[in-house]
Amino acid sequence: MAGLRLYVGSLPYAAQKLEIEQLFADNDLPIKRVDISIDPFMGRNPGYCFVDFHTTEDAEHALETLPGKRVRGRPIKINHNTVRRGNSTCPRLPTKIHGRAGYVHEMPGLNVNSNAYVFDRWSRADEAPARWIAPMEENRRLYVGGLPQIRNQGSLNAEMRVLFQSRPIEAVSKIISPSEAKRQHPGFHYFCFVDISSAADAKSAIAALDGHPNPYGGRYKVKLAMPCKTKPTKVMREQLLLGCSKWASELSNSDAIPQRNLSGNWRRLD
């Protein structure tokens, strides 16, 4: 079975499953399936995916013919490396707590088990634009601040499950770093976003949890992540294709949005 799966890398972040499938179809290469992760908050892939083949001959033919072929103008890489980055075999990184005068204390992350599962980026088939937009427009995406640097996604998922208790969570974003200037101040300045299943649950969570003490000596900051307070990033604009009704008029009337050179090394969040 090892010869039936290949790694496809150097993908544009905005590339989607259908585009990978089309690449193989255009080159007369039958495939079994594309295994790609899509971030539920950004609509982005991690820059790579995996492709399963019916036969080793098809896989070997892909290795010979596809390197350098382009997806959204960017040349891809293809090889036998089929180990997912950050999989469950990696050791769990500790949580960093930044104190005064640059002092950093590390403590283990929360125990991670099957109950920490929140959103399987590899198996969910949601359409990325709809998945990213809906929680914002339905007022059920929450900003959760007052966090330390939690460097393991499983630990962050587990902590959010403990914090929100019986309220159903649909997805938890990655931990987001504060600005360098803010990071120098004492306190907890990292944050994440959490999608709750309903606007009513989101509203009750804010009332119950904002200001609630956290295990690190600070307090959580929980509030509604208001839609359209910030313009979408370049990756979002490419991915969403003006799909958000609240952004559509603003973006369609703007001539100032530069077109990204998709063949270059443009991997950045803004």
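Residues numbered from 1 in each chain as written. Predicted model: local features only at pLDDT ≥ 70, side-chain atom pairs only at ≥ 80, totals over all residues. Heavy atoms only, no water.

Here the focus is the overall build of the protein. In terms of helices and strands, the protein carries eight helices and 13 strands. Relative to its 270 residues, the protein shows a buried fraction of 43%. Restricting to contacts in the protein with at least 6 residues of sequence separation, those with at least 24 account for 69%. Accessible surface, the protein as shown: approximately 14500 Å² in total, 52% of it carbon and sulfur. (Helix = DSSP H or I, 4+ residues; strand = E, 2+ residues; numbered from the N terminus. Buried < 20%, exposed > 50% of the residue type's maximum accessible area, 1.4 Å probe, protein only. Contact = heavy atoms within 4.5 Å. Areas by Shrake-Rupley, 256 points an atom, 1.4 Å probe, with all protein chains shown as cover.)

This part covers the pairing of strand β9 (residues 141-147). Most of β9 is tucked away: seven of the seven residues are buried. As paired strands, β9 and strand β12 (residues 190-196) are joined by five bridges and run antiparallel to one another. Of the residues in β12, the one forming a bridge with Y143 is F193. Pairing between β9 and strand β13 (residues 221-224): four bridges, direction antiparallel. Counterpart to V144 in the pairing with β13 is V222. (Pairing = 2+ DSSP bridges.)

We now examine the environment of T65. Take T65: it is sitting in helix α2 (residues 56-65). For the pair formed by T65 and L29, sequence separation is 36 residues and the distance between their alpha carbons is 9.7 Å. At a separation of 2.9 Å, a polar atom in the side chain of T65 contacts the main-chain carbonyl oxygen of H61. (Polar contact = N/O pair within 3.5 Å; in protein donor to acceptor, adjacent residues only side chain to side chain.)

Here we take up helix α6 (residues 199-209). Helical geometry: 3.6 residues make up each α-helical turn, so side chains three or four residues apart lie on a common side. Where α6 is concerned, the buried positions are A202, A205 and L209. Within α6, the buried residues cover an arc of 60° as seen down the axis, which keeps them to one side. In this structure, α6 carries A200, K203 and A207 as exposed residues pointing more than 90 degrees from its buried face. Positioned one or two residues after α6, G211 has a phi angle of 85°, which is positive. (Arc of directions from axis to C-beta.)

Scanning the model with the defined rule gives seven aromatic pairs in all. Ring centres of F191 and F193 lie 5.9 Å apart, and the angle between their planes is 85°; this geometry places the pair in the edge-to-face category. With a relative accessible area of 22%, F193 lands in the partly exposed category. Through a chain of ring-to-ring contacts, the aromatic side chains of Y7, Y48 and F50 assemble into a single cluster. Lying across the ring of Y143, K223 places its NZ or CZ 4.9 Å from the centre. (Phe/Tyr/Trp six-rings, centres within 6.5 Å; stacked < 30°, edge-to-face > 60°. Lys NZ or Arg CZ within 6 Å of the ring centre and 35° of its normal.)

Attention shifts here to the nonpolar core. By size, the foremost hydrophobic cluster in this structure holds 22 residues, and its most contacted members are F24 and V51. For this core, the secondary structure elements donating two or more residues are β1 (5-9), α1 (17-26), β3 (48-52) and α2. The residues touching V51, leaving out its near neighbours within four places in the chain, are L4, R5, L6, V8, I20, F24, I31, R33 and V34. (Core = buried A, V, L, I, M, F, W, Y, C linked by side-chain atoms within 4.5 Å.)

Across the protein, the average pLDDT comes to 76, with 65% of residues at 70 or higher. Counting interchain partners and residues more than four positions distant, the pLDDT-below-50 stretch residues 240-270 has 62 contacts. (pLDDT = per-residue confidence, 0-100.)

Take the pattern of salt bridges next. Two side chains of opposite charge can pair, provided their charged atoms sit close to one another. Inspection of every chain in the model, using the stated rule, returns eight salt bridges. Here R72 ties to E19 by a salt bridge, and the two come within 2.7 Å at their closest N and O atoms. In this pair, R72 is assigned in the loop between β4 (70-71) and β5 (74-75) and E19 in helix α1, connecting sequence segments 53 residues apart. Under the relative-accessibility criterion, R72 is labelled partly exposed at 26%. A salt bridge links E138 to R140; the nearest nitrogen and oxygen atoms lie 2.6 Å apart. The exposure class of E138 is partly exposed, given its relative accessible area of 41%. Connected via shared salt-bridge partners are R5, R33, D35 and D52. (Salt bridge = Lys/Arg side-chain N within 4 Å of Asp/Glu carboxyl O.)

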